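Per-entry structural report
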Amino acid sequence: PLISLSACGLEPSASERPSAGERPSTVKTTAVHSQKPNVVIFYVDDLGYGDLGVYGAKGVQTPNVDALAHNGIRFTDAHTSAATCTPSRYSLLAGEHAFRKNARILKGDAPLLIGTDQPTLPRMLKKAGYQTAVVGKWHLGLGNGNVDWNQAIKPGPLEIGFDYSFLLPATGDRVPTVYMENHHILNLSKDDPISVNYKKKIGHRPTGNENPELVRYQPSDDGHSKTIINGISRMGWMAGGKSAEWVDEDFYQVFTDKANHFIAKNKNEPFFLFFSFHDIHVPRLPNKRFQGKSEMGLRGDAIVQMDWITGQVVKQLKTQGVFDNTIIIFTSDNGAVLSDGYEDKAIELVGEHKENGIYRGGKYSAFEAGTRVPTILHFPNRVKPGVSDALMSQIDIYASLAQYLGIELAADEAIDSEVHLDAWLNADKSGRTELAEESSTLSLRVDQWKYIRPSNDGKKRADYTWQRKRIETGTSTKAQLYNLADDPSEQRDIAAKFPERLTAMEAKLVALEAK
Ligand code: NG6
Ligand code: CA
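Summary of the structure given here. (Residues numbered from 1 in each chain as written. Chains lettered and ligands numbered in written order. Predicted model: local features only at pLDDT ≥ 70, side-chain atom pairs only at ≥ 80, totals over all residues. Heavy atoms only, no water.)

1. Remarks on helix H2 (residues 85–94)
Burial within H2 is extensive, with 10 of its 10 residues counted as buried. Here H2 has its buried residues at Cys85, Thr86, Pro87, Ser88, Arg89, Tyr90, Ser91, Leu92, Leu93 and Ala94. Two residues or fewer past H2, glycine 95 is found with a positive phi of approximately 70 degrees. (Buried < 20%, exposed > 50% of the residue type's maximum accessible area, 1.4 Å probe, protein only. Helix = DSSP H or I, 4+ residues; strand = E, 2+ residues; numbered from the N terminus.)

2. Brief notes about the coordination of the calcium ion (ligand 2)
Binding of the calcium ion (ligand 2) to the protein goes through Asp45 (OD), Asp46 (OD), Asp333 (OD), Asp333 (OD) and Asn334 (OD1), at separations of 2.2 to 2.7 Å. For the calcium ion (ligand 2), the 6 donor atoms are set out with angles of 52 to 175 degrees between them, so the coordination reads as irregular. Going along the chain, you hit the donors of the calcium ion (ligand 2) in the pattern D-D-x286-D-N. Note that aspartate 45 is positioned in the loop between strand E1 (38–44) and helix H1 (63–70) and asparagine 334 in the loop between strand E13 (326–332) and strand E14 (375–378), a separation of 289 residues in sequence. Asparagine 334 sits in the buried class, given a relative accessible area of 0%. (Donors = N, O, S within 2.8 Å, 3.2 Å for Na, K, Ca; no water. Tetrahedral: all angles 85-135°; square planar, octahedral: opposite > 155°, others 65-115°.)

3. Some words on the packing of H1 against helix H5 (residues 298–319)
A pair of packed helices can be characterised by two numbers: the angle between their axes and the separation between those axes. One way to put it is that H1 packs onto H5 with a least axis distance of 7 Å and a crossing angle of 55 degrees. Classified by the angle between their axes, H1 and H5 sit oblique to one another. Here H1 contributes Pro63, Asn64, Val65 and Leu68 to the contact with H5, which in turn contributes Met306, Asp307, Trp308, Thr310, Gly311 and Val314. Considered class by class, the residues forming the contact of H1 with H5 number 6 nonpolar, 3 polar and 1 charged. (Axes fitted to C-alpha atoms, helices over the stretch in contact; angles between N-to-C directions. Parallel < 35°, antiparallel > 145°, perpendicular 65-115°, else oblique. Contact = heavy atoms within 4.5 Å. Nonpolar A, V, L, I, M, F, W, Y, C, P; charged D, E, K, R; others polar.)

4. Regarding the packing of aromatic side chains
Inspection of every chain in the model, using the stated rule, returns 24 aromatic pairs. Pairing phenylalanine 162 with phenylalanine 272 gives two aromatic rings, centres 6.1 Å apart and planes at 20 degrees, and the pair type is stacked. Of this pair, phenylalanine 162 sits in the loop between strand E4 (131–137) and strand E5 (164–168) while phenylalanine 272 is found in strand E12 (residues 271–276), placing the two residues 110 residues apart along the sequence. Per residue, the accessibility class of phenylalanine 162 equals that of phenylalanine 272, and both read buried. Among the aromatic side chains, those forming a connected cluster through ring pairs are Phe166, Tyr179, Trp246, Phe251 and Phe255. Of note, arginine 74 hangs over the ring of tyrosine 55, and the distance from its end group to the ring centre comes to 4.7 Å. The ring centre of tryptophan 449 lies 4.0 Å from the NZ or CZ of arginine 501, which sits over that ring. (Phe/Tyr/Trp six-rings, centres within 6.5 Å; stacked < 30°, edge-to-face > 60°. Lys NZ or Arg CZ within 6 Å of the ring centre and 35° of its normal.)

Nothing here speaks to function; it is geometry throughout.
See the structure below:
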């Protein structure tokens, strides 16, 4: 390594440190660093492996994110825990797989998925003295199942370890289309109470189904054809709350301002900022200052917007004098999808760009592109800039940060989170030896081997996803096996040649599920 971390007096010495993958129970609290680094996680929505300049993007430029990669570590084999949003976010914050909870993509009125008594990444950091905030997309549910959106809405982020939250409650394509700050919807008027329904139409706003002439982009399915807000038909119905409606084109500034305010306010103490982008999820409505700035239409322009926001937050870290003492992790919640609910021409305008790089599948898929996402770690002067091919998982951020801070985790805390601090900091190459990937089935990586569990997921869903989204779900009623060392794009299923390997890999998945 360029700089020995122990030599800086910032790291527990090698003898005190558990080896890669081990839980940090052996770390002594004396390992706490004199100056705790801030932690910023940039979590982009639906950004694919090939969507950044440094990962080979064509037709769109991402100079701000690329700069983080040039001065940090760019991972080529780093993964979310799942090929969709909710389970990936759950795993990042809870340090455990979401499949044991059967967590699926949530509706906009779903209850909070994380238990209020559960250990979480922000809670662990709070224990270490951090101020914690989440800004942006939440999509982990709110309340106990029957939310009155006009009252204090809880439990939510503040009940699971965040000191501050400024949210888009679910996703951009789901009602309620309002901002929520801490427990309350912003700018709500008492005279015009808001309600949300996912079963039947409520209120008088037109819907995409009834008034298709009123929408800016046609929805591509019935699900996205409900209440029209800001010229976009959404998922679910919303009544009232007119004064609180968001304007999608303002997201870029609103979220940037909230994040930068939090940074300024907390520059003198360690802070954790979970900056959770709406971009580049649908509906893609980048501000007009970013429109036409890529060669790929709205999806590319949304990437440009995302890059600009990243640059603004980085600039603020520099202005406040905390950039050098901040660990930045930049990554995505699942692989890329072009068409995902609206006819915004993402497929037609993609050109030469390969949103998932050389990897097969994409968002929703059991193939590699479902979970293999751009991942960059930036920590000036502490890490050796470069490229790492280590097998990495977002689920390990929890235990790895805990070890860095000398926080001992309970045996039942973040049970799937392994310590791979050295690999995150580029001090050695070894990452995970095994990694589970969740989609509508489960896959398992063991080194270069990739097993996909047989599934009865069904041809209908696969055909739909292919026809509408041009994504192969990767599911089959037969077990599949690929050797990524010579077949990274999963073109040659070699399951028939390795029956014992299949049995062994399936047994590992069963054990993981039963953990
Ligand atoms: C899917 C929606 C998709 C998107 C996704 C959530 C359909 C057919 N598709 O169910 O449009 O909203 O949920 O994306 O309704 S995620 O990134 O938050 O997981
Ligand atoms: Ca997503």
